[in-house]
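In case you want the letters, here they are:
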Amino acid sequence: MSATADGAAGEPLLRTQELQKNFGGVKAVSEISFDVPMGAIFAVIGPNGAGKSTLINLISGVYRPDAGSLSFDGVDLSTMPAHLRVRFGIARTFQKIRLFRQLTALDNVIAGFHVHHKIPAWQYLVHGAAFTADRRRCRDQAMQLLEFVGMSGRAHVPAGSLSYGEQRMLELARALATKPRLLLIDEPAAGLNAAEVDGLLDRIRSLRHGGTTVILVEHNMDLVMNVADRIMVMEYGRRLFEGTPAEVQKNPAVIAAYLGGELL
Ligand SMILES: Nc1ncnc2c1ncn2[C@@H]1O[C@H](COP(=O)(O)OP(=O)(O)OP(=O)(O)O)[C@@H](O)[C@H]1O
Ligand SMILES: [Mg+2]
C-alpha cells in the first residue's frame, strides 16, 4: 500500500502548484494550484476556452508546464512522459473521441491493456502459452469493462459504427483498462441524451466506490452538481473559485461568470 492509500499521511493524491501553460500570448493555464484528495470526485468547470482541457493535458503529460509543479502520490510528475504516467496510474479520455474506428469495441478495450501486459514480447510473435493465457485474461477483463459501461451487447461492433453515446462509453472502458488510480474525463456527457447522462453518473459513483479518484471536466451542470465532491471554477486560465457544489452555486463571481442562469 502506498503512503497515502490509507489516507494516514494526509497527502492528496494529486497536487498542482502554480501551474502555468502559455500558447503564444494566451495564458491557457495560469497559476493553478489545487489538491485532489484520494477517492474524491473533483470537477473542473468554466466557460469555453477557460483552460480546462489544457489542465487535463498537463496532468496526463500531453504538455509540460511552462512553470509550476505537479505531483501524484507524492512523486513529482513534471518531467515524467505521458506513457509512464499511464503506468503510474493516470488515465484519461479525450474531449474529441479517439478510438480505433475499424476495430471492434472489444478490441479497442483490449488495446487499452497493453500497458499491463506481463509476458515477454517474443511470445507475441510465436504465440506461446503465455500469449494465449494473456489474451484470454485481456478478453475476459475487457468484456467485464464493456459490461460495466453497458455495452457487452455491442462488443463485436466496429467502434466507428457505434452511436456517439456508445463511443463515449467505450472511451471510458478503454481508459479503465489501464486500471487507473486517477481517471481524467474531459466532457464525458457531451452529446449524451438524458438517460445516458444518468447512466454515466451511476458509473462515476461506482468508480469512486471502487476507490478510483476522478477529475471531471464537464459543462453539464446537473451531472457536476450531483456527482462532484469539490468543484474548481476556471475562467481565462485562472482559478475563479473552488468549493463544494453548494458553495459554487451561491458564489457571486461564479454566478456572474455564468450569467446567472446555468448554475441555478
Ligand atoms: N494547442 C493549442 N495551441 C494554441 N492555443 C491553444 C491550444 N490549446 C488550447 N489553446 C488555447 O488555450 C485556451 C484554453 O483552451 P482549452 O482547450 O484548455 O479550454 P477549455 O476550457 O477546455 O474549453 P472548452 O470548454 O471549449 O473545451 C484557449 O484560448 C485556446 O484557444
Ligand atoms: Mg476543453
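Whatever comes next refers back to the structure up there.
### Some words on the nonpolar core
Core analysis: the biggest nonpolar cluster contains 49 residues, and Val 109, Leu 146, Leu 170 and Ile 231 have the highest contact counts within it. Sorting elements by how many residues they give to this core places helix H6 (residues 164-176) first, with six residues. Mapping this core onto the domain boundaries places at least three of its residues in each of domain 1 (14-89 + 180-264) and domain 2 (101-179). Of all hydrophobic cores here, the second largest spans 26 residues; its members include Ala 50, Leu 182, Leu 184 and Met 234.

### Digging into the packing of aromatic side chains
In this structure the tally under the stated criterion is three aromatic pairs. Across from the ring centre of Phe 94, 3.9 Å away, lies the NZ or CZ of Arg 92, which sits over that ring. Note that Arg 181 overlies the ring of Phe 88, its terminal NZ or CZ placed 5.6 Å from the centroid.

### A word on the sheet that holds strand E4 (residues 67-72)
Strand order in this open sheet of four strands is E2-E1-E4-E5, and the pairing throughout is antiparallel. Edge positions in the sheet fall to strand E2 (26-36) and strand E5 (75-76), since each has one partner strand and no second. Bridging between strand E1 (residues 14-23) and E2 involves seven bridges; their strand directions are antiparallel. What sits directly across from Leu 14, in E2, is Val 36.

### Concerning empty space enclosed by the protein
Scanning the model with the defined rule gives one cavity of 30 Å³ or more in all. In this structure, the largest cavity occupies an estimated 50 Å³ of space. As for the largest cavity, its lining consists of Thr 93, Arg 168, Met 169, Glu 171, Leu 172, Ile 185, Pro 188 and Leu 200. With four residues, H6 is the largest single contributor of residues to the lining of the largest cavity. Within the lining of the largest cavity, the residues separate by chemical class into five nonpolar, one polar and two charged. Looking at the lining of the largest cavity, you find at least three residues from each of domain 1 (14-89 + 180-264) and domain 2 (101-179).

### Side note on the pairing of E4
Pairing of E1 with E4 involves five bridges; the strand directions are antiparallel. Looking at E4, one finds that Leu 14 is bridged to Phe 72. Linking E4 back to E5 in an antiparallel pair, the connection comprises two residues, with Asp 73 at a positive phi of about 55 degrees.

### Considerations on the coordination of the magnesium ion (ligand 2)
In this structure, Ser 53 (OG) and Gln 95 (OE1) serve as the protein donors to the magnesium ion (ligand 2), at separations of 2.0 to 2.1 Å. On the criterion of sequence distance, the pair formed by Ser 53 in helix H1 (residues 52-60) and Gln 95 in the loop between strand E6 (90-92) and helix H3 (105-111) is long-range, its members being 42 residues apart.

### Describing the pattern of salt bridges
Counted according to the given criterion, the structure contains eight salt bridges. The residue Asp 35 makes a salt bridge to Arg 15 at a minimum N-O spacing of 2.8 Å. Separated by 20 residues along the polypeptide, Asp 35 in strand E2 and Arg 15 in strand E1 bring together distant segments of the chain. The exposure class assigned to Arg 15 is partly exposed, which follows from its relative accessible area of 29%. Here Arg 208 makes a salt bridge to Asp 229, at a shortest N to O gap of 2.7 Å. Taken together, the residues Arg 208 in helix H7 (residues 194-209) and Asp 229 in the loop between helix H8 (221-227) and strand E9 (230-235) connect sequence positions 21 residues apart. Relative accessible area serves as the criterion here: at 26%, Arg 208 is assigned to the partly exposed category. Since its relative accessible area comes to 32%, Asp 229 is described here as partly exposed. Through salt bridges with shared partners, a single network forms among Arg 230, Arg 239 and Glu 242.

What counts and what doesn't
- Numbering of residues starts from 1 in each chain and follows the order in which that chain's sequence is written.
- Written order determines the labels here, with chains lettered from A and ligands numbered from 1.
- Whole-chain, interface and lining totals are the exception, using all residues; otherwise, since this is a predicted model, local features are given only for residues with pLDDT of at least 70 and side-chain atom pairs are given and counted only at 80 or more.
- Computation of side-chain values covers all heavy atoms of the structure but excludes hydrogens and water.
- Here the nonpolar core consists of buried residues drawn from Ala, Val, Leu, Ile, Met, Phe, Trp, Tyr and Cys, with membership extended through side-chain atoms lying within 4.5 Å.
- When a residue's accessible area, from a 1.4 Å probe over protein chains only, is under 20% of the maximum for its type it is buried; when over 50% it is exposed; and in between it is partly exposed.
- Under the scheme used here, helices are H or I runs from DSSP no shorter than 4 residues and strands are E runs no shorter than 2 residues, and both carry numbers assigned from the N terminus.
- Domain delimitation in this document rests on an assignment produced automatically or drawn from a domain database.
- Think of it this way: a Phe, Tyr or Trp ring, Trp meaning its six-membered ring, pairs with another when their centres are within 6.5 Å, and the plane angle makes it stacked under 30 degrees, edge-to-face over 60, tilted otherwise.
- Sitting over a ring, as applied to charges here, requires NZ of Lys or CZ of Arg to be within 6 Å of the ring centre and within 35 degrees of the ring normal.
- A pair of strands is treated as paired once DSSP finds two or more bridges between them.
- The method works on a 1 Å grid over the protein atoms by themselves. A cavity is a set of points holding a 1.4 Å probe that cannot get out, a pocket is an open set with protein on both sides within 12 Å along at least five of seven lines, and residues with an atom within 4 Å of a point line them.
- Grid points are joined across faces, edges and corners, and a volume is the space filled by probe spheres set on the points.
- Each residue receives one of three labels: charged for Asp, Glu, Lys and Arg, nonpolar for Ala, Val, Leu, Ile, Met, Phe, Trp, Tyr, Cys and Pro, and polar for the others, Gly being one of them.
- A donor here means any N, O or S atom no more than 2.8 Å from the metal (3.2 Å for Na, K and Ca); water is not included, so a site may seem to lack partners.
- Salt-bridge detection follows one rule: a side-chain nitrogen of Lys or Arg within 4 Å of a carboxyl oxygen of Asp or Glu.

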